[in-house]
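What follows is the residue order along each chain.
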Amino acid sequence: MSAALSVDEVIEAVIDRSPHQPEFHQALRAVAAPLAPFLAEHPILVRLKILERMCEPEREVIFRVPWVDDAGEIHIARGYRVQFNSALGPYKGGLRFHPTVNLSVMKFLGLEQTMKNALTGLGLGSAKGGSDFDPKGRTDGEVMRFCQSFMTSLYGYIGHDLDVPAGDIGVSTREIGFLFGQYRRLTGHHESGVLTGKGLGWGGAALRTEATGYGLVYFTQHLLESRSADGHLRHLQADAAARHGRDVSGFAGATVIVSGAGNVAVHAIEKAVSLGARVVACSDSTGTLLDEAGIDVRLLKTVKLDHRGSLEEYAAERPGAEVRPGHRVWEVPCDVALACATQNELDEDDAATLIDNGCIVVAEGANMPCTPGAVARFRDAGVAFGPGKAANAGGVAVSGFEMRQNAARDHWSVCRRPTSASH
């Protein structure tokens with residue numbers, strides 16, 4: 001029998017087997033390194049090589065996706081589905097359509113999804129998929145044709161008891177609808193549980209659209225309350241109190257900044273505002289929106305979610321608001337920072353700026369938006385930090401409920417408590 005490897009040796013062995021995948025390596029270190037004390041106390045897990053198994057995907061599927069634009073030109077994209085772990089249930093995880101998608105990003109997201117899904121307690125395995133196709137600026141017809149081609153290559157690998165994809169960056173209810181329609185066409189039957197994030201009229205779950213952003217804010221609220229109760233934020237709250245003239249122990253009256261302006265960010269802003277916060281900044285690919293009066297949630301939802309517009313359009317409609325070029329949201333002074341855009345968007349220098357400006361809590365609405373250096377800075381400064389594996393798990397949790405509703409041919413209202421019969 002071969003000698004058991006240390007955690008560091010396992011990490012290096014996985015990296016050697018999967019070279020040139022920096023995002024996956026970063027996630028691997030973040031997940032595996034803290035497990036060393038636990039594994040030392042449970043040597044049976046080391047002998048069974050549980051960590052090695054956990055860090056290696058069960059299956060990686062890569063396929064080409066040819067599609068035709070409105071001008072009749074043929075394009076070739078690359079599609080992925082990394083089925084990471086099915087120990088707890090069918091594979092579950094979103095699809096991302098974005099130019100940055102590659103195998104490293106898919107594997108990092110799949111590993112993060114393994115931890116996140118386990119935290120829900122809902123019996124969900126983990127997966128992640130997507131394509132380097134960019135839906136931004138494409139017509140509905142172009143997106144539909146791409147989704148149909150994507151599903152034509154993917155459908156043989158998914159199913160309600162096998163693998164249940166959902167949405168992620170670039171994949172909203174529109175894309176899920178196109179994908180589901182093609183799945184029905186290819187299989188010849190209505191298997192509503194094969195995808196989550198669907199429209200309410202055809203098997204979707206109430207509040208699924210809002211769940212990740214709302215859950216992030218609820219998590220952050222509880223984090224603030226618990227850290228306030230045990231005194232861990234006392235010195236930071238004293239500084240905040242000097243600025244505001246009162247204690248900051250929750251969202252009520254707090255100044256908040258949010259990176260991103262997609263589904264997660266917008267609904268995080270909506271929930272924070274409903275709890276009494278003043279959200280003064282968010283961002284998208286056109287720049288950073290500043291609105292010192294507090295972001296108008298209704299206008300933001302109309303521009304970003306209904307019309308798929310830019311923050312420049314918001315600023316044009318909102319007196320006093322401005323859009324500054326670049327991703328400069330972390331320069332804005334705040335009490336609470338919510339990172340909801342993409343991986344590695346908040347680095348060590350950004351963390352130092354947030355700390356200098358008096359931020360007392362940072363939580364991740366995106367997957368791994370904070371670099372390791374940034375996380376270390378927050379911990380050293382005593383800033384409360386909510387990692388994405390827990391802070392943004394609300395979305396997949398509600399997806400799990402959607403799967404239960406689909407399995408029972410049922411639909412739960414937002415007010416109804418599911419009974420044992422509903423499960």
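Once a new chain begins, its residue numbering starts again from 1 and follows that chain's sequence as written. A pLDDT threshold of at least 70 governs which residues receive local features in this predicted model, and a stricter bar of 80 or more applies before side-chain atom pairs are shown or counted, although totals over entire chains, interfaces and linings include all residues. Hydrogen atoms and water are omitted, and side-chain values are computed over all heavy atoms in the structure.

Only Phe, Tyr and Trp rings are paired, with Trp represented by its six-membered ring, and only when their centres lie within 6.5 Å; those with planes under 30 degrees apart are stacked, over 60 edge-to-face, the remainder tilted. In total, this model carries 12 aromatic pairs according to the counting rule given. With a centroid separation of 6.4 Å and an interplanar angle of 90°, the aromatic rings of Trp67 and Phe146 are classed as edge-to-face. Of this pair, Trp67 sits in strand β1 (residues 59-68) while Phe146 sits in helix α7 (residues 140-154), and the two are 79 residues apart along the sequence. The buried category is assigned to Trp67, whose relative accessible area is 5%. Helix and strand assignments come from DSSP, with helices taken as H or I runs of at least 4 residues and strands as E runs of at least 2, each series counted from the N terminus. Each residue is assigned to one of three classes by its accessible area relative to the maximum for its type, calculated with a 1.4 Å probe on protein chains only: buried under 20%, partly exposed between the two thresholds, exposed over 50%.

We now examine the nonpolar core. Among buried residues, the Ala, Val, Leu, Ile, Met, Phe, Trp, Tyr and Cys ones that are joined through side-chain atoms within 4.5 Å form a nonpolar core. Counting residues in each nonpolar core, the largest one holds 37 residues, and the members touching the most others are Val256, Leu289 and Leu338. Elements with a minimum of two residues in this core: α9 (208-229), β6 (255-259), α11 (263-274), β7 (278-284), α12 (297-306), α13 (311-317), β10 (336-339) and β11 (361-364). The greatest single-element share of this core, amounting to six residues, is contributed by α11. Other than its neighbours up to four places away in sequence, Val256 contacts Phe251, Ala277, Arg278, Val279, Val280, Ala281, Cys334, Val336 and Leu338. Within the second largest apolar cluster, 25 residues are counted, among which are Val10, Ala32, Phe84 and Val105. Contact definition: two residues touch when any of their heavy atoms are within 4.5 Å.

Attention now moves to the pattern of salt bridges. By definition, a salt bridge exists where a carboxyl oxygen of Asp or Glu is found within 4 Å of a side-chain nitrogen of Lys or Arg. This structure, assessed with the given rule, holds 20 salt bridges. The partner of Asp70 in a salt bridge is Arg145, and the shortest N-O contact between them spans 2.5 Å. One end of the pair, Asp70, is in the loop between β1 and β2 (74-85); the other, Arg145, is in helix α7, with 75 residues separating them in the sequence. In this structure Arg145 comes out as partly exposed when scored by relative accessible area, which is 28%. Its salt-bridge partner being Arg328, residue Glu331 comes within 3.3 Å of it at the nearest N-O pair.

By themselves these figures say nothing about function.
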